[in-house]
Amino acid sequence: MRKSPVSPSPRASFWLILAMLAMVAVPAAITLHRVRVSVLMAVAPADSSPYGYTVSLLLFIVPIIVIAFWLIPQEEIKVSKKTFWWTIALLFPVGALLDFFFARYFFYFPNMQATLGIKAPALGGGVPIEEYVFYLTGFLAVLLLYIWLDEYWLSAYTVRVDASERISFARLLQLHPQSIVLAIFVILVAILYKRNHGSPGFPGYFTFLALTALLPSSIFLPMARPVINWRALSLTMFMIVLISLLWEVTLAVPYGWWNFRDEQMMGIRITAWARLPVEEVFVWIAVTYSTVIVYEILKRWKASGRTLIHALTGLHASAGGGRSD
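What you are looking at is a predicted structure, and each value in this text was computed from that prediction instead of being measured.

A few words now on the nonpolar core. Formed by 86 residues in total, the largest nonpolar core has its most connected members in Phe-107, Phe-134, Tyr-205, Trp-258 and Trp-284. Among the elements of the structure, α1 (10–32), α3 (58–74), α4 (81–106), α5 (129–153), α8 (204–224), α9 (230–252), α10 (279–304) and α11 (308–313) are those that each provide at least two residues to this core. With residues up to four places along the chain from it excluded, the contact list for Phe-107 reads Leu-98, Asp-99, Glu-131, Tyr-135, Tyr-205, Asn-259, Phe-260 and Arg-261. Within the second largest apolar cluster, six residues are counted, among which are Ala-190, Phe-206, Ala-210 and Val-278.

Spelled out as structure tokens, the structure:
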């Protein structure tokens, strides 16, 4: 008689995903490091990809439409609209703030013919409106893909909305010291590397990405970890990162849709990939990780039926502020 497969614990699943990323990333990094000269050195003419950036947003928009209007309704998957839109409302401003406050420090857009030519508000002169659409559709694509995988394709590993593991908790806010230590460590390493090997400046882009990924983790991971569908998270992450890298390496950077300012990058560029900053490899890993954590925390809150303050802190929102039972 065959034994049923044993599902790894949430903690083990977390490390399995890191191992899966490492077994692909490490040999790829070693191989790419051998490339000393990029074959994509020629500057593409400005008219080489008219409206290219605008049209390329279909890489996110088409999956959004297919999942939202075909796959999810076809399988009669019930999605909490409040939880979904709460997640987007909390996370999209992160991308918007990145563009509004930091685009002039981190990015530049040498080929405006690849866009509609409409400037959206941002400090320092504005950015192509496609930038805001890029982040909005990116978060939507990540969340919808995770939901579909979680509720249908990999539903055998889903923690149901009415399961005791999801509903029963003292409070959702719980510090995860390892995430705080990791954030401090990787930022310090980036600063030291740039000081000794990179161009003058500060690794602001890497610092932003580290905080984006590890801030939600530092306050929510202990309570999100038991209910995350780690298989769905890993497949979502791999698919989104693959799309992102194909997008940037073969299109965006070579054709000047966007590029990166050396003074705010760590200083490690992947020569074989049109000198793509290594930070860009981590963007959608960070986005997927933080999106799933926030979504699952909000899902636990909504499933519990508690008020938000009560769910987060374990305190009733009463005048006495007494602790819940």
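Here the narrative resumes, following the displayed structure.
As a further point, take unusual backbone geometry. If you check the backbone angles, Tyr-51 has positive phi at about 55° while not being a glycine. Mapped onto the elements of the fold, Tyr-51 is located in the loop between α1 and α2 (52–56). Positive phi values are uncommon outside glycine, yet Arg-275 reaches one of about 60°. The topology assignment puts Arg-275 in the loop between β5 (269–270) and β6 (276–277).

Let's shift gears to the packing of α4 against α5. One way to put it is that α4 packs onto α5 with a least axis distance of 9 Å and a crossing angle of 145°. The crossing of α4 and α5 is right-handed. Contacts between α4 and α5 involve Phe-84, Trp-85, Thr-87, Ile-88, Leu-91, Phe-92, Gly-95, Ala-96, Leu-98, Asp-99 and Phe-100 on the former and, on the latter, Glu-131, Tyr-132, Tyr-135, Leu-136, Phe-139, Leu-140, Leu-143, Leu-144 and Ile-147.

Let's shift gears to the side chain of Ser-217. Mapped onto the fold, Ser-217 is located in helix α8. Contacts of Ser-217, omitting those with residues within four sequence positions, involve His-176, Ser-179, Pro-222, Tyr-289 and Ile-293.

This part is about the environment of Tyr-105. You can see Tyr-105 is positioned in helix α4. Each C-alpha atom, one on Tyr-105 and one on Trp-85, is 30 Å from the other, the two residues being 20 residues apart in sequence. If we skip the residues at most four places from it in the chain, Tyr-105 touches Arg-261 and Gln-264. There is a polar contact of 2.9 Å between the side chain of Tyr-105 and the side chain of Arg-104.

So, about the environment of Gln-264. Tracing the chain through its elements places Gln-264 in the loop between β4 (259–260) and β5. What makes Gln-264 buried here is its relative accessible area of 17%. The sequence separation of Gln-264 and Tyr-105 amounts to 159 residues, and the corresponding C-alpha distance is 6.7 Å. Those residues in contact with Gln-264, other than ones at most four positions away along the chain, are Tyr-105, Phe-106, Phe-202, Pro-203, Gly-204 and Tyr-205.

What counts, and where the lines are drawn
Residues numbered from 1 in each chain as written. Predicted model: local features only at pLDDT ≥ 70, side-chain atom pairs only at ≥ 80, totals over all residues. Heavy atoms only, no water. Core = buried A, V, L, I, M, F, W, Y, C linked by side-chain atoms within 4.5 Å. Buried < 20%, exposed > 50% of the residue type's maximum accessible area, 1.4 Å probe, protein only. Helix = DSSP H or I, 4+ residues; strand = E, 2+ residues; numbered from the N terminus. Contact = heavy atoms within 4.5 Å. Axes fitted to C-alpha atoms, helices over the stretch in contact; angles between N-to-C directions. Left-handed = near helix turned anticlockwise from the far one by under 90°. Polar contact = N/O pair within 3.5 Å; in protein donor to acceptor, adjacent residues only side chain to side chain.

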